[in-house]
2 protein chains.
Amino acid sequence: MNIHDETLKMKLASPLLSASSLETRNKALALIRESLNAHKEEIFEANRKDLALAEETGVPAPVKKRLKFDEAKLSDVTEELTGLMALPDPLRNITLARELDQGLTLYRVTCPIGVIGVIFEARPDALVQISSLCLKSGNCAILKGGKETTWTNRVLFSLIHQAAIDAGLPENCLLQAEQHNEIDELLECHDTVDLLIPRGSNAFVQYIMNHTNIPVLGHADGVCHIYVDKEYDKETAIPLIVDAKTQYPAACNAVETVLIHRDVAKDFLPGLAKALRDAGVKLRGTEEVNEITPVEIIPESESFHHEYVDLIIALKIVGGVDEAINHINTYGSHHTDCILTQNAETAEKFMTLVDSANVYQNASTRFADGFRYGFGAEVGISTSKIHARGPVGLEGLLSYKYKLFGHGDIVGDYASGKKHFIHKDL
Amino acid sequence: MNIHDETLKMKLASPLLSASSLETRNKALALIRESLNAHKEEIFEANRKDLALAEETGVPAPVKKRLKFDEAKLSDVTEELTGLMALPDPLRNITLARELDQGLTLYRVTCPIGVIGVIFEARPDALVQISSLCLKSGNCAILKGGKETTWTNRVLFSLIHQAAIDAGLPENCLLQAEQHNEIDELLECHDTVDLLIPRGSNAFVQYIMNHTNIPVLGHADGVCHIYVDKEYDKETAIPLIVDAKTQYPAACNAVETVLIHRDVAKDFLPGLAKALRDAGVKLRGTEEVNEITPVEIIPESESFHHEYVDLIIALKIVGGVDEAINHINTYGSHHTDCILTQNAETAEKFMTLVDSANVYQNASTRFADGFRYGFGAEVGISTSKIHARGPVGLEGLLSYKYKLFGHGDIVGDYASGKKHFIHKDL
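Residues numbered from 1 in each chain as written. Chains lettered and ligands numbered in written order. Predicted model: local features only at pLDDT ≥ 70, side-chain atom pairs only at ≥ 80, totals over all residues. Heavy atoms only, no water.

Q: Got a sec to walk through the sheet that holds strand β4 (residues 140-144) of chain B? Specific residues and values, please.
A: All names here are of chain B. Strand order in this open sheet of 4 strands is β5-β4-β3-β6, and the pairing throughout is parallel. Here the strands that pair on one side only, and so sit at the sheet edges, are β5 (174-176) and β6 (195-198). The sheet shows a mean angle of 15° between the axes of neighbouring strands, taken without regard to direction. With 3 bridges connecting them, β4 and β5 associate as parallel partners. What sits directly across from L143, in β5, is Q176. Sitting on the sheet, helix α6 (residues 124-136) touches β3 (115-119), β4 and β5, and the angle it makes with β4 is about 165°. (Pairing = 2+ DSSP bridges. Helix = DSSP H or I, 4+ residues; strand = E, 2+ residues; numbered from the N terminus. Axes fitted to C-alpha atoms, helices over the stretch in contact; angles between N-to-C directions. Contact = heavy atoms within 4.5 Å.)

Take a look at the structure:
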């Protein structure tokens, strides 16, 4: 398969998909749901192959857990498909309507981005979510999943692709890439692919960002912080930090560094240290932290830029909210950062000045997620300030175009002063 | 000057600028207006130096015309500043408010992009427009204008920068780059600069896009089309095409190719050819066009991808709207394309399927412009479908962040089923 040739076909199919009716796109989602249920034994069989291979090749337990596609996962994805069908049409919404002059009317109308390449981790449910989000939003999608789910993805993709065609969508609306070298071919397709969404390790996402001229949406690091202000709530602070670290330590929105106000460090640190240790977390801290509660000293070679993605947490004492903000803007990754305080003014300062996609007061960083935000699903979390930021759902897969309706209008008439713009919003 | 050090200071100043009040930002605009008027003789004097140098070095006439900064230009930019001050605050607007659960409330709030580098042509008024748009939207800006306006830009920048500081904005809100090698340094600043907006020649913009990992907003080509459908309006078609080609041939939104429906080619082409020739336009066309009206045949080596940016136009006959759409999606640059037809259905088809930032029915392509759209001003026109598309005004200089307010909420409670999301829009 030549990826560039295939994506060129998708680029040409993209206007047709963009012009498809909501009815057709929802029909595709309904047929996908139907087909997944009708062929579930085939899917489960393929998934057992992937699981057996994972066993043989010694894939780590957390990855194996995500590989699994069973009745429960099937029920989750079909429920999500139902939810997605119920959402209003994201396309052809008018977001600006303006009379430039009598009989010369401008509309700004939502449309799909076009052709999107998504490279994602070994999770079969992700393939269903991503392809259905792309179809609902009228985008052609190239899907490359983790190699550990090759067999499951092959069955899922073929069912989804056929359902889309049966619903009347163009054949080239979806493409599956299976080979790792196809990622490098994809990175060269800047004339046919409008956007890349890579998900996975820091190094992988960084590699993608450094090796393509195609716009990339996503995040490399997830160095998230919690700052414990001197006016923190004693009852909720420790369980919240434990949740943010341990509820899913491999997630990008798990906390990596806790900053503690110097005035409350002596009171707060010993209890926090005990709770984290009880939850299996290893503590690293500065000399100053170590004087209050014994921790492993953070070596000079390791800065606060580090993302552990593991049951390890960094602790540091700061002089107040300003130092906390500076630390986060310097060492953070602009993903999700939280302040624990009962003082609304301090919280407002923190949330305005911390330059991150998600800024929280008294809530676990783990809430940063498209499902939890009520977006139906997400294709990823962006830390860029261009285009979509934070969890990216349907809205983040949209662009817009300007439509101007005239009656033979020419610019010369306005340049000469014969006519004047009225710019009246409709 | 070390560009990276300077942009690092801007990155650290950026949250402060983002937190500034509308009052402070508008005060900066008012002081800029005041200062430009108070120091106008100094500005005109510097401009005379630039004009004299342009004369000596043989700068082409159209470029010289844009260099000029006189009373009329001063009056234009101060009027624009007044208009910009009157616009509502683009920052801290709530675009989503949702109760995720009782006492757990999510807001999506507009904020600036951060640090933006704008590289623009030799036009002193552009420096005023761009810096004022950036300040109004709370963005730090690095400004690099064309070398032909060095003296004028130096005076303008120093007045604008001082006015911003006097209004209380951070010193590092604006930076002027003057040396061409500083552009290459800027391209390396992906850790400090959030967005680049290059304006200028195709080759220049392409160079920027190919040599940086910073997101780039803009357009390289402006290969715009007009398709004359068989149901075109006889009275307005020819003047409209003449306007689109000749009203400002060097503009990116000037038409480069006219496609004509075969059914009307014999009737339409001779009249069009005469009108264009009378306006000084050279005609290039296919063999089929030449059989109807004599033109210079388009050589094989030159495809319809070509942007003339001159008084030259390409003519081609097509079988109908479908062939026109395919031609435009294949050879166009996704900038601005127009259909001339009285048939609303044909127009709708064209405007939906042509994959361009601006799609027009019966209006000159020259209307694609931020001022004409009523955006107050523009920093450029984007042909990307990521982030802003089409003419980019204040809105295109914005990002957003998610703010979540809780009371010690943890994700574990939702994962365990103890609590459930309500996702109620406020």
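Q: Can you break down the environment of B:A415 residue by residue, with the values?
A: Residue and element names in this part refer to chain B. In this structure, A415 sits in helix α15 (residues 412-415). Using a relative accessible area of 56% as the deciding quantity, one classes A415 as exposed. Counting along the chain gives 105 residues from A415 to D310, while the straight-line C-alpha distance between them is 63 Å. (Buried < 20%, exposed > 50% of the residue type's maximum accessible area, 1.4 Å probe, protein only.)

Q: I'd like a description of the interface of chain B and chain A, backed by residues and values.
A: In this assembly, 76 residues from chain B lie in contact with 76 residues from chain A. Between chain B and chain A, the buried area comes to about 6,300 Å², and carbon and sulfur atoms account for 57% of it. Connecting chain B to chain A are 6 salt bridges. Between B:D194 and A:K385 there is a salt bridge whose closest N-O contact spans 3.8 Å. The tally of links between chain B and chain A comes to 51 residue pairs in polar contact (both at pLDDT 80 or more). Ranked by residues supplied to the side of chain B that touches chain A, first place goes to strand β16 (residues 398-409) of chain B with 11 residues. Residues belonging to the side of chain B that touches chain A are distributed by class as follows: 38 nonpolar, 23 polar and 15 charged. Both strand β16 (residues 398-409) of chain A and strand β13 (residues 358-363) of chain B contribute to a ladder of 5 bridges, which runs parallel. Note that in β13(B) the partner of A:Y402 across the bridge is B:N358. (Buried area = accessible area lost by both parts, 1.4 Å probe. Salt bridge = Lys/Arg side-chain N within 4 Å of Asp/Glu carboxyl O. Polar contact = N/O pair within 3.5 Å; in protein donor to acceptor, adjacent residues only side chain to side chain. Nonpolar A, V, L, I, M, F, W, Y, C, P; charged D, E, K, R; others polar.)

Q: Give me the lowdown on the pattern of salt bridges, citing residues and values where you can.
A: All names here are of chain A. Summed over all chains, the structure comprises 46 salt bridges over all chains. Between E148 and K147 there is a salt bridge whose closest N-O contact spans 3.6 Å. Residue E148 is classed as partly exposed on the basis of its relative accessible area, which comes to 25%. Note that E296 is salt-bridged to R284, the shortest N-O span being 2.8 Å. Separated by 12 residues along the polypeptide, E296 in strand β10 (residues 296-297) and R284 in strand β9 (residues 282-285) bring together distant segments of the chain. E296 gets classed as partly exposed once you look at its relative accessible area, which sits at 38%. Among the residues examined, R284 registers a relative accessible area of 14% and is labelled buried. It is possible to trace a salt-bridge network through shared partners that takes in E121, R123, D125 and R199.

Q: How would you summarise the packing of aromatic side chains if you had to cite specific residues and measurements?
A: Residues and elements named next belong to chain A. Inspection of every chain in the model, using the stated rule, returns 22 aromatic pairs over all chains. Look at Y373 and F375: their rings are 5.8 Å apart centre to centre, the planes differ by 80°, and that puts the pair in the edge-to-face class. Comparing Y373 with F375 shows no difference in burial state: the two are buried. When the ring of Y400 is compared with that of Y402, the centres are 5.7 Å apart and the planes differ by 80°; the resulting orientation is edge-to-face. Just as Y400 is buried, Y402 falls in that class too. (Phe/Tyr/Trp six-rings, centres within 6.5 Å; stacked < 30°, edge-to-face > 60°.)

Q: Lay out the relation of the copies chain B and chain A with the relevant residues and their values.
A: Note on the identical chains: chain B maps onto chain A by a rotation of 180° and an axial translation of 0.0 Å, with an RMSD of 0.0 Å. Viewed as a symmetry operation, the transformation between the two copies matches a two-fold axis. When each C-alpha of chain B is compared by its distance to the rotation axis, B:H387 comes out closest, at 1.9 Å. In this assembly the copies share their binding face: 100% of the residues contributing to the interface of chain B also contribute to that of chain A. (Least-squares fit on C-alpha atoms with pLDDT ≥ 70 in both.)

Q: Please provide a residue-by-residue account of the sheet that holds strand β11 (residues 312-318) of chain B, values included.
A: Spatially, β17(A)-β1(A)-β2(A)-β16(A)-β13(B)-β12(B)-β7(B)-β8(B)-β11(B)-β9(B)-β10(B) is the arrangement adopted by the 11 strands of the open sheet, whose pairing is mixed. With partners counted over all chains shown, the strands left at the sheet margins are β17 (424-425) of chain A together with β10 (296-297) of chain B, one partner each. When strand β9 (residues 282-285) of chain B meets β11(B), the two strands line up parallel, connected through 4 bridges. Bridged to B:G285 within β11(B) is B:L315. Contacting β16 of chain A together with β7 (224-228), β12 (336-340) and β13 of chain B, helix α14 (residues 344-353) of chain B runs over the sheet at an angle of about 145° to β16(A).

Q: Outline the nonpolar core, supporting the account with residue identities and numerical values.
A: The biggest cluster of nonpolar side chains holds 111 residues, and the ones touching the most others in it are B:L36, B:I241 and B:L315. Apart from the residues within four sequence positions on either side, B:L36 is in contact with B:I43, B:L74, B:V77, B:L81, B:V128, B:L156 and B:L159. Core analysis: the next-biggest nonpolar cluster, separate from the first, contains 106 residues, A:I43, A:I214, A:L340 and B:L96 among them. (Core = buried A, V, L, I, M, F, W, Y, C linked by side-chain atoms within 4.5 Å.)

By themselves, these figures tell us nothing about what the structure is for.
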